[in-house]
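# Residue-level structure breakdown
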Amino acid sequence: MTTDASDYVPPKVWTWNQPSGGRFANINRPVSGPTHDKDLPVGRHPLQLYSLGTPNGVKVTIMLEELLALGHNGAEYDAWLIKIGDGDQFSSGFVKVNPNSKIPALLDCSGRHPIRVFETGAILVYLAEKFGEFLPTETTERAECLSWLFWQMGSAPYLGGGFGHFYAYAPTKIEYAIDRFAMEVKRQLDVLDRNLADRRFLIGDDYTIADIANWPWYGALVLDNLYDAAIFLDVASYKNVVRWAQEIRERPAVRRGERVNKAWGPEALRVPERHSARDLG
């Protein structure tokens, strides 16, 4: 292993005096709150989703499509495109729905007063409890489901903000950072692989919000070459994860949910906004 030379010495007090560099430097900042005034659009359906077809956004569109597939008409939704590269998440309207300025954000307009829900784990639990689906009620199974849900919430930042950033997006390749996060991502894949060795889905025979949360990240990693790192991470060796990911991808609702708020890739797979089932063909 070589050592990355650096003359950088951290100052006593950090100050923001230059862009951080990398692909998302233009939207990174050390403060919160809106940068401009703009109201969010509101459609005619009970649920209003403001999102983008990233792994975090896909979690929620898959959940909504799964609920609709089960006949829950109250899960009808308008999905509005939030262009994070343009800073849409810093509008005054978006910040009112999610003060953390991250996609996705959900507004439930089905009751007397709109209810905002942000953070994907919270959104999945909220929808699961609202419609009584994909979250077991038996104590042991519920605890297992929530454990894997929050495992994903705590683990995926190491995959995306850690490995993905330094391997694919950082302006320079830093061996220490890439090695550190590659090791952690492979450990996470091994955790999943061992768990799935004798389970069809993450908690057993039942498909739950734990699978819905984990699949857009780890399924994409083993099936879609996320960050162009499939060979580097040897994802094919995690055979149980690959089998799990392939089975979930075959679900029609997952196929639909993958396309919502997607504004890149093959034209046939792009559905930047979704306002009815017809938008998905």
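Given the structure is predicted, the values throughout are model-derived calculations rather than measurements. (Residues numbered from 1 in each chain as written. Predicted model: local features only at pLDDT ≥ 70, side-chain atom pairs only at ≥ 80, totals over all residues. Heavy atoms only, no water.)

Now for the packing of helix α1 (residues 55-69) against helix α9 (residues 252-259). For the pair α1 and α9, the least separation of the axes is 8 Å and the interaxial angle reads 140°. By the angle class used here, α1 and α9 are oblique. Relative to α9, the crossing made by α1 is right-handed. Here α1 contributes Val58, Thr61, Ile62, Glu65, Glu66 and Ala69 to the contact with α9, which in turn contributes Ala253, Val254, Arg256, Gly257 and Glu258. Here the residues of the contact of α1 with α9 are counted per class, giving five nonpolar, two polar and four charged. (Axes fitted to C-alpha atoms, helices over the stretch in contact; angles between N-to-C directions. Helix = DSSP H or I, 4+ residues; strand = E, 2+ residues; numbered from the N terminus. Parallel < 35°, antiparallel > 145°, perpendicular 65-115°, else oblique. Left-handed = near helix turned anticlockwise from the far one by under 90°. Contact = heavy atoms within 4.5 Å. Nonpolar A, V, L, I, M, F, W, Y, C, P; charged D, E, K, R; others polar.)

Before going further, it helps to examine the nonpolar core. A general trend in soluble globular proteins is that nonpolar side chains are found buried together. Counting 66 residues, the largest nonpolar core has Met63, Leu127, Phe163, Ile209, Tyr218 and Trp244 as its most contacted members. Here tryptophan 244 is in contact with Leu196, Arg200, Phe201, Leu202, Asp211, Asn214, Trp215, Tyr218 and Gly219, once residues within four sequence places are set aside. Membership of the second largest hydrophobic core comes to 11 residues, among which are Leu81, Ile82, Phe94 and Ile103. (Core = buried A, V, L, I, M, F, W, Y, C linked by side-chain atoms within 4.5 Å. Buried < 20%, exposed > 50% of the residue type's maximum accessible area, 1.4 Å probe, protein only.)

Next up on the list: unusual backbone geometry. Negative phi values dominate among residues other than glycine, just as trans dominates among peptide bonds. In this structure, proline 104 follows isoleucine 103 across a cis peptide bond, with omega equal to 0°. The residue proline 104 is located in the loop between α2 (92-97) and β3 (105-108) in this model. Positive phi, close to 65°, is recorded for phenylalanine 134, a residue that is not glycine. For phenylalanine 134, a relative accessible area of 12% translates into the label buried. The phi dihedral of asparagine 225 falls on the positive side, at around 60°, and the residue is not glycine. As for its placement among the helices and strands, asparagine 225 is situated in the loop between α6 (209-223) and α7 (230-233).

Turning to helix α5 (residues 175-195), a few remarks are in order. Across its 21 residues, α5 extends 30 Å between first and last C-alpha, which sits within 8% of the 30 Å expected from 1.5 Å per residue. Buried residues of α5: Ala177, Ile178, Phe181, Ala182, Glu184, Val185, Gln188, Leu189, Leu192, Asp193 and Asn195, and no others. The secondary structure elements touched by the buried residues of α5 are α4 (139-169), α6, α7 and α8 (239-249). (Expected span 1.5 Å × (residues − 1).)

Looking now at the packing of aromatic side chains. Counted by the stated rule, this structure contains 11 aromatic pairs. Ring centres of tryptophan 148 and tryptophan 151 lie 5.5 Å apart, and the angle between their planes is 65°; this geometry places the pair in the edge-to-face category. Highlighted residues: tryptophan 148 and tryptophan 151, both in helix α4, separated by three residues, approximately one helical turn. In terms of burial, tryptophan 148 and tryptophan 151 fall into one category: buried. Put simply, the rings of Phe163, Tyr167, Tyr169, Tyr227 and Phe232 pair up and form one aromatic cluster. Sitting above the plane of the tyrosine 167 ring, lysine 173 keeps its charged end 5.7 Å from the centroid. The ring of tyrosine 207 has arginine 251 sitting right over it, with the charged end atom 3.7 Å from the ring centre. (Phe/Tyr/Trp six-rings, centres within 6.5 Å; stacked < 30°, edge-to-face > 60°. Lys NZ or Arg CZ within 6 Å of the ring centre and 35° of its normal.)

What follows concerns α4. Under the 1.5 Å per step criterion, the end-to-end length of α4 is 42 Å for 31 residues, consistent within 8% with the ideal 45 Å. At phenylalanine 163, α4 shows its strongest bend, of approximately 35°. Between a side-chain oxygen at the N-terminus of α4 and the backbone nitrogen of threonine 140 the separation is 3.1 Å; the capping residue is glutamate 138. (Bend = angle between axes of the 7 residues up to and from the residue. Polar contact = N/O pair within 3.5 Å; in protein donor to acceptor, adjacent residues only side chain to side chain.)

So, about the sheet that holds strand β2 (residues 77-81). Hydrogen bonds between backbone atoms are what pair the strands of a sheet, whose relative direction is either parallel or antiparallel. The four strands lie next to each other as β2-β1-β3-β4, forming an open sheet whose pairing is mixed. The open sheet is flanked by β2 and β4 (115-118), the only strands paired with a single partner. The average angle at which neighbouring strand axes cross in this sheet is 20°, direction not considered. By the bridge criterion, four bridges tie strand β1 (residues 47-51) to β3 in an arrangement that is antiparallel. By the bridge assignment, glutamine 48 is partnered in β3 with leucine 107. In the packing of α1 onto the sheet, the strands contacted are β1 and β2, and the crossing angle to β1 comes to about 155°. Of the strands in this sheet, β1, β3 and β4 are in contact with helix α3 (residues 120-131), which crosses β4 at around 130°. (Pairing = 2+ DSSP bridges.)

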